[in-house]
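Chains, contacts and geometry: an overview
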Amino acid sequence: MKRILTFGTFDVFHYGHLKILERAANHADELIVGVSSDALNYKKKGRNPVFSEKERMDIISSLNFVDDVFLEESLELKREYILKHKADCLIMGCDWAGKFDEFNDICEVMYLPRTPDISTTEIIEKIKTL
Ligand code: CTP
């Protein structure tokens, strides 16, 4: 049994989100997703998400290859979340490569490729210009 944990805001759910979660699920028997809270997203990105934390968690929960979803309330709690959810592996997008290696003492840490040319920020900017 391999339990994998991954994190993200997943606002304005798009193809890159779908693909990273599918890729993570391909390595997992159980996939658990920490969805960043509205407050954490504001802290990280300086804007409120378009979709609320409840809406974003509902969207991620509806994916049939996601087994569990929880609210990520602080970037500093990654170690606690890994231990609490008994994760064997932490998966992050390769934009974070090397940044989470400190957790190698409690689980495997993997970085998966991102889908090129798409992001929530770019989608929001594109829509603004229409
Ligand atoms: N992701 C991906 N490919 C993309 C965009 C995101 O694989 N083109 C992955 C990220 O690496 C992360 C997860 O999706 O593991 C959630 O990322 P998030 O930051 O919520 O999405 P972005 O589209 O990158 O959002 P933003 O533009 O606000 O930074």
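Here's what I pulled together on the structure shown here.

Reading the values: rules and limits
- Residues numbered from 1 in each chain as written.
- Predicted model: local features only at pLDDT ≥ 70, side-chain atom pairs only at ≥ 80, totals over all residues.
- Heavy atoms only, no water.
- Buried < 20%, exposed > 50% of the residue type's maximum accessible area, 1.4 Å probe, protein only.
- Helix = DSSP H or I, 4+ residues; strand = E, 2+ residues; numbered from the N terminus.
- Pairing = 2+ DSSP bridges.
- Right-handed = clockwise from strand over helix to strand, strands pointing away.
- Salt bridge = Lys/Arg side-chain N within 4 Å of Asp/Glu carboxyl O.
- Phe/Tyr/Trp six-rings, centres within 6.5 Å; stacked < 30°, edge-to-face > 60°.
- Lys NZ or Arg CZ within 6 Å of the ring centre and 35° of its normal.

1. With respect to the pairing of strand β4 (residues 89–93)
Burial within β4 is extensive, with five of its five residues counted as buried. Note that strand β1 (residues 3–8) and β4 share three bridges and pair parallel. Bridging across to β4, Leu5 finds its partner in Leu90. Taken together, the five bridges between β4 and strand β5 (residues 108–112) define a ladder with parallel strand orientation. Among the inter-strand pairings, Ile91 is bridged to a residue of β5, identified as Met110.

2. Details of the pairing of β1
For β1, the tally of buried residues reaches five of six residues, placing the bulk of the element in the interior. Of the pairings in the sheet, the one linking β1 to strand β2 (residues 30–36) comprises six bridges and is parallel in character. Bridge pairing in β2 places Ile4 opposite Leu31. With respect to chirality, the unit in which β1 leads through helix α1 (residues 15–26) into the neighbouring parallel β2 is right-handed.

3. Brief notes about the pattern of salt bridges
Counted under the stated rule, the structure contains nine salt bridges. Here Lys19 ties to Glu22 by a salt bridge, and the two come within 2.8 Å at their closest N and O atoms. Separated by three residues within a single helix, Lys19 and Glu22 lie in helix α1, roughly one turn from each other. The partly exposed category is assigned to Glu22, whose relative accessible area is 27%.

4. Some details on the packing of aromatic side chains
Summed over the entire model, instances satisfying the criterion amount to five aromatic pairs. Taking 5.0 Å as the distance between ring centres and 45° as the angle between the ring planes, the aromatic pair formed by Phe70 and Tyr81 counts as tilted. Placement of Phe70 in strand β3 (residues 68–72) and of Tyr81 in helix α4 (residues 78–84) is noted, with a sequence separation of 11 residues between them. Here Phe70 matches Tyr81 in class, with each residue buried. Ring geometry for Phe100 against Phe103: centres 6.2 Å apart, planes inclined by 20°, an arrangement best described as stacked. Comparing Phe100 with Phe103 shows no difference in burial state: the two are buried. Here the basic side chain of Lys78 rests over the ring of Phe7, its NZ or CZ set 4.5 Å away from the ring centre.

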